[in-house]
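The chain contents come next:
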Amino acid sequence: MALKICWTKVVILAVSAASVVHATLFQDPSHLSTNKAYDYIIAGGGAAGSVLAHRLTEDPYTSVLLVEAGSSFFKNMNIEIPQFAGRLIGSEFDWNFTTVDQPGLNGRSIIFERGHVLGGSTCVNFMAFTRGSKDDWDRFASVTHDSGWSWESILPYAKKMETFVLPIDGRNISDEVDFSVHGFQGPVHSSVPGFRVSTDNRVLDTTKQLASEFPFNLDSNSGFTLGIGWAQSTIANGERQSAALSYLDPIMTRPNLDIVVNTHVTKLLQTGTSKNLPIFRGVQLSQPGSGKFLTLHATREVIVSTGAAKTPQLRKYLPHQVPIMLSGIGNKAELSKFKIKTIVDLPDVGQDLQDQPLVTSSFTVNSTDTLDNLNDPTFAAEQLAIWQTNHTGELGLPTGNQVGWLRLPADSSIFKTVADPSAGPSSAHFELILDDAFIGFSGAFPAGNFFTGFTVVVSPTSRGNITLNSTNPFDAPVINPGYLSTEFDIFTMREAIKSYRRFMAAPAWDGWVLEEFGEFKQAVSDAEIDQYARNNAQTINHVSCTAKMGRSGSSGPGSGALNSDLTVKGTVGLRVVDASAFPFIPAAHTQVFQ
């Protein structure tokens, strides 16, 4: 009996082992039997792939092979400890991609972190747990002509995936969260920060003193995101809750699930035709440097969940267009450059890349009680010992205890020439993340104590693409996000930085904040702020939309590469389930959407 899955809901039921040694986990594809038939083969063991493996194998008569390019070491301490997230950039758990030089960033190439481990980017991200706004989901439904993507349809599944838990300090959080919008029996554990820090009351006081611009929002996961509220994260009991921990770890003994790691899906293979449409139920597997290739077939579907950076190329965790393109599915003109025979001409594959740029700006403060103390080796060792004992202490905190979702004023000058790109009036134009420590992405951390704000453009109009670098599936794709390349995006970043300054000028910060730090202090005029942003912007790593879905059955440039049920247009037996499927990037952190 087949397990029925509502594919328009599966994409949201995801979030993002070393010691796992069960027989279903293989370190090398040569150990797989070519005579074994799998119902489903899933390429990519990240957020969506982990969910799919879990859900599909709930039916004991459905067999699944999950293929992950990274290792199985998702129980590594650097992954488990929330405050160690920064250590993962450029580590063995990162694909170590970089962008091409970005004109909007004054010609800089930046790091493009993607998870390279079972659990994918849910093992390396900063664990923000956000559902987005009602408008985000309703726009998905409108674009696809499929009401199954609407907020009303999605919310029950969003609750079903979640177990909201109390913070580890056991405090009363009735003034920090709306329990009615959360779930309490799902596989993914989430919570508010494990304990309060010294700046929390100052942030909350600011929402009272400057309520018209920075109103308090009890729970941004209610569908109405706007305002400042308590951050919610995939952290429970002081530990990261990755997709691997939440969905795969509990099912490692299922006899109908095989997992192979350290293995790339290098190509999707056509296995026949049906009603003049090519059937793609075959995959080619290999390990870098082995020179050996293994071919396997699925009896039902091949599901690509390699991420918006890898899916297009079809190589784990870059948008979904790359492996797909290497298989002859994509823009015919692009494929012809590499003498790849076009089997399905889908111009949108690898195009319309959307991501959210961020800038961090810091103030020096009149305090010695900030998370900067973790830079002291003795204090850090003490905190590590505490975490190893009972998962408490400062290492279990997220990046920022509060977060804000904010809009530009309706009368902003930019709207005289640019249409509002947000999903609707309940969706933000920019995000403000507040953290009582210095946060930066280049150079050594300075001595002292700081407070930092992240300003993030969350409804960008800049568009980029992911294209092939070569026909070698082990080569990184060419990643061009196009950051800050439009008038709206640089305007929004500028206004977000000004908004952050107004926030920190509230009476709540009198005597505690000293002065702006570094280049931030020198960025006064609009032109100086723009240059400051272009010189310092990074990515929040929410790459999306590179194999976007559109209205089912529609064709041509801009109509999307996927149908609304996530099947690849013009094919049989092939589906894409990850952030590359989004028609628009949501004004949110994207791990919950996958």
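Residues numbered from 1 in each chain as written. Predicted model: local features only at pLDDT ≥ 70, side-chain atom pairs only at ≥ 80, totals over all residues. Heavy atoms only, no water.

Caption draft 1: A look at the confidence of the model for the protein chain. Here the protein chain shows a mean pLDDT of 92. Residues at 70 or above account for 93%. Low pLDDT (under 50) marks residues 315–321, which in the prediction has 87 contacts with non-local residues, meaning those over four places away or in another chain. (pLDDT = per-residue confidence, 0-100. Contact = heavy atoms within 4.5 Å.)

Caption draft 2: How the structure looks around the environment of Gly 482. As for its placement among the helices and strands, Gly 482 is situated in the loop between strand E24 (478–480) and helix H11 (487–504). In sequence terms Gly 482 and Gly 119 are 363 residues apart; their C-alpha atoms lie 27 Å from each other. (Helix = DSSP H or I, 4+ residues; strand = E, 2+ residues; numbered from the N terminus.)

Caption draft 3: Highlighting helix H6 (residues 200–209). Along H6, the residues that are buried comprise Asp 200, Val 203, Leu 204, Thr 206 and Thr 207. The buried residues of H6 occupy one face: seen down the axis, they fall within an arc of 150 degrees. If you follow the buried residues of H6, they end up packed against strand E8 (227–230), strand E20 (402–406), strand E21 (430–435), strand E22 (450–457) and H11. (Buried < 20%, exposed > 50% of the residue type's maximum accessible area, 1.4 Å probe, protein only. Arc of directions from axis to C-beta.)

Caption draft 4: Local environment of the packing of H11 against helix H13 (residues 526–536). Across the interface, H11 lies against H13 with an axial gap of 9 Å and an inter-helix angle of 105 degrees. When the axes of H11 and H13 are compared, the pair comes out roughly perpendicular. Here Ile 490, Met 493, Arg 494, Ile 497, Lys 498 and Arg 501 of H11 lie close against H13, whose contacting residues are Asp 526, Ile 529, Asp 530, Tyr 532, Ala 533 and Arg 534. Class assignment for the residues of the contact of H11 with H13 results in 6 nonpolar, no polar and 6 charged. (Axes fitted to C-alpha atoms, helices over the stretch in contact; angles between N-to-C directions. Parallel < 35°, antiparallel > 145°, perpendicular 65-115°, else oblique. Nonpolar A, V, L, I, M, F, W, Y, C, P; charged D, E, K, R; others polar.)

Caption draft 5: Summary view of the side chain of Asp 372. Along the chain, the position of Asp 372 falls in the loop between strand E19 (357–365) and helix H10 (377–390). Arg 202 provides the closest opposite charge to the buried, salt-bridge-free Asp 372, at an N-O distance of 13 Å. Separated by 2.7 Å, the side chains of Asp 372 and Thr 370 make a polar contact. At 2.7 Å, the side chain of Asp 372 and the backbone nitrogen of Phe 438 are in polar contact. Apart from the residues within four sequence positions on either side, Asp 372 is in contact with Asp 436, Ala 437, Phe 438, Gly 448, Asn 449 and Phe 450. (Lys, Arg positive; Asp, Glu negative; His and termini not counted. Salt bridge = Lys/Arg side-chain N within 4 Å of Asp/Glu carboxyl O. Polar contact = N/O pair within 3.5 Å; in protein donor to acceptor, adjacent residues only side chain to side chain.)

Caption draft 6: Quick look at the packing of aromatic side chains. This structure, assessed with the given rule, holds 21 aromatic pairs. With a centroid separation of 6.2 Å and 50 degrees between ring planes, the pair formed by Phe 503 and Trp 509 is classed as tilted. Each of the two residues, Phe 503 as well as Trp 509, counts as buried. Ring geometry for Trp 509 against Trp 512: centres 5.7 Å apart, planes inclined by 50 degrees, an arrangement best described as tilted. With a relative accessible area of 1%, Trp 509 lands in the buried category. (Phe/Tyr/Trp six-rings, centres within 6.5 Å; stacked < 30°, edge-to-face > 60°.)

Caption draft 7: Summary view of a nonpolar patch on the surface. On the surface, Leu 166, Phe 179 and Phe 184 cluster together to form a nonpolar patch covering roughly 290 Å² of accessible area. Residue placement: Phe 184 occurs in the loop between strand E6 (162–164) and strand E7 (188–190). Among the residues examined, Phe 184 registers a relative accessible area of 43% and is labelled partly exposed. (Patch = residues over 30% accessible without salt bridge, like charges linked within 9 Å, V, L, I, M, F, W, Y side chains within 5 Å. Areas by Shrake-Rupley, 256 points an atom, 1.4 Å probe, with all protein chains shown as cover.)

Caption draft 8: Examining the environment of Asp 219 more closely. Within the secondary structure, Asp 219 sits in the loop between H6 and E8. Distance in space between the C-alpha atoms of Asp 219 and Gln 232 is 8.9 Å, their sequence separation being 13 residues. Setting aside its immediate chain neighbours within four residues, Asp 219 contacts Val 177, Asp 178, Val 181, His 182, Phe 224 and Gln 232. Side-chain polar atoms of Asp 219 contact the backbone nitrogen of Asp 178, separated by 3.1 Å.

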